[in-house]
Amino acid sequence: KSSDSATETPSFEAQVTMLSLNDRPQIEISVRSDFDNIERFTEEDGTVSLPVEANAPFTLTALENNSLQHRYVGYTTTRNFALDALFLDRGTWISLLGNMGLNDESRHGHLWVSVVNPNFLPIPNATVTLQDSPSEDPFVLLETNVPWATNTIDPTGKPIVFFPNILPQEVSIQVDTPNDMTCVPFVDNNGPINTATVNIYANTATIVWFVCQ
């Protein structure tokens, strides 16, 4: 086993496009990379490019005025990557919770887990569970963005399972697919497959993707 030790940390670009539930670009959203704490704003197409460290966990934090803070997390490789990311204003998020009979509890955070194929299309009937980490009832969005109480992805809806109102803590995620696909956190993870561990923060949605094949 050998490792290259560089004198300076190599970085690559993450191009992120912030989109609403209806796939509308979210403009003038502040997005910060935990790599060198660089902050930029999304442009008219909802896109922003930020540096990320190579072969390392990444965190991109997005915030607009009074909106829910969004933390997009994953693992980098040694290449640039592009990503479409859901960004919800606080009113939309509270409306979704209200349709489920829930409130946006203070001092709690939320976890949004996407399970997709390499083309970023949903994995129908994939199931996401949290290990020993209580949340209120998980839900998905059906084809018309109607929330539905389940932790199993609907074939015609969004590829996301929403876990609302989790107290700040470390959370372990387990993904199961009908045909035992191999799922790894986006972009790449040399650790265990079909699982990931993330931190939940108050008043923040933590967003993670699993790519399955």
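Please read these numbers as outputs of a predicted model, since none were measured by experiment.

Draft legend 1. Region of the structure containing the state of the cysteines. Per the counting criterion, the structure on display carries 1 disulfide. The disulfide partner of C183 is C212, and the gap between their sulfur atoms is 2.1 Å. One disulfide, between C183 and C212, carries an S-S torsion of 110° and so falls in the right-handed class. With C183 in strand β14 (residues 183-185) and C212 in strand β16 (residues 204-212), this residue pair connects regions lying 29 residues apart in the sequence. Each member of the pair, C183 together with C212, is buried.

Draft legend 2. Geometry of the layout of surface pockets. Estimates place the volume of the largest pocket at around 380 Å³. Lining the largest pocket are 16 residues, and of these D23, D84, F120, K158 and P159 lie nearest its centre. The dominant element in the lining of the largest pocket, judged by the number of residues it contributes, is strand β7 (residues 81-86), at 3 residues. The class makeup of the residues in the lining of the largest pocket is 11 nonpolar, 2 polar and 3 charged. Considered as a void within the structure, the second largest pocket measures approximately 210 Å³ in volume. In terms of lining, the second largest pocket is formed by 14 residues, of which the most central are P57, V73, Y75, T197 and V198. Within the residue set of the lining of the second largest pocket, elements represented by two or more residues are β5 (57-63), β6 (69-75) and β15 (195-200). In terms of residue class, the lining of the second largest pocket is made up of 9 nonpolar, 4 polar and 1 charged.

Draft legend 3. Structural view of the sheet that holds strand β9 (residues 127-131). Pairing is antiparallel in the open sheet, where 3 strands are placed in the order β9-β13-β15. At either margin of the open sheet sits one strand with a lone partner, and together these are β9 and β15. Averaged over neighbouring strand pairs, the angle between their axes works out to 30° when direction is ignored. Here 6 bridges tie strand β13 (residues 169-176) to β15, and the two strands are oriented antiparallel to one another. For Q174, the partnering residue across the bridge sits in β15 and is T195.

Draft legend 4. Examining the confidence of the model for the protein more closely. Mean pLDDT over the protein works out to 92, with 96% of the residues at or above the 70 mark. Long-range and interchain partners of residues 1-7, a stretch whose pLDDT sits below 50, account for 0 contacts in this model, where long-range means more than four residues apart.

Draft legend 5. Structural view of the environment of V184. Within the secondary structure layout, V184 lies in strand β14. Residues V184 and I29, 155 residues apart in the sequence, show an inter-C-alpha distance of 28 Å. Excluding residues that lie within four positions of it along the chain, V184 makes contacts with N189, I193, W209, F210 and V211.

Draft legend 6. Just the environment of V198, in detail. Locating V198 in the fold gives a position in strand β15. Here the alpha-carbon distance between V198 and A54, two residues 144 residues apart in the chain, equals 19 Å. With near-sequence residues (within four places) excluded, V198 lies in contact with V73, L111, Q169, E170, V171, I173 and T206.

Parameters at a glance
- Residues numbered from 1 in each chain as written.
- Predicted model: local features only at pLDDT ≥ 70, side-chain atom pairs only at ≥ 80, totals over all residues.
- Heavy atoms only, no water.
- Disulfide = S-S within 2.5 Å.
- Helix = DSSP H or I, 4+ residues; strand = E, 2+ residues; numbered from the N terminus.
- Buried < 20%, exposed > 50% of the residue type's maximum accessible area, 1.4 Å probe, protein only.
- 1 Å grid on protein atoms, 1.4 Å probe; cavity = no way out; pocket = protein on both sides within 12 Å on 5 of 7 lines; lining within 4 Å.
- Points joined across faces, edges and corners; volume = space filled by probe spheres on them.
- Nonpolar A, V, L, I, M, F, W, Y, C, P; charged D, E, K, R; others polar.
- Pairing = 2+ DSSP bridges.
- Axes fitted to C-alpha atoms, helices over the stretch in contact; angles between N-to-C directions.
- pLDDT = per-residue confidence, 0-100.
- Contact = heavy atoms within 4.5 Å.

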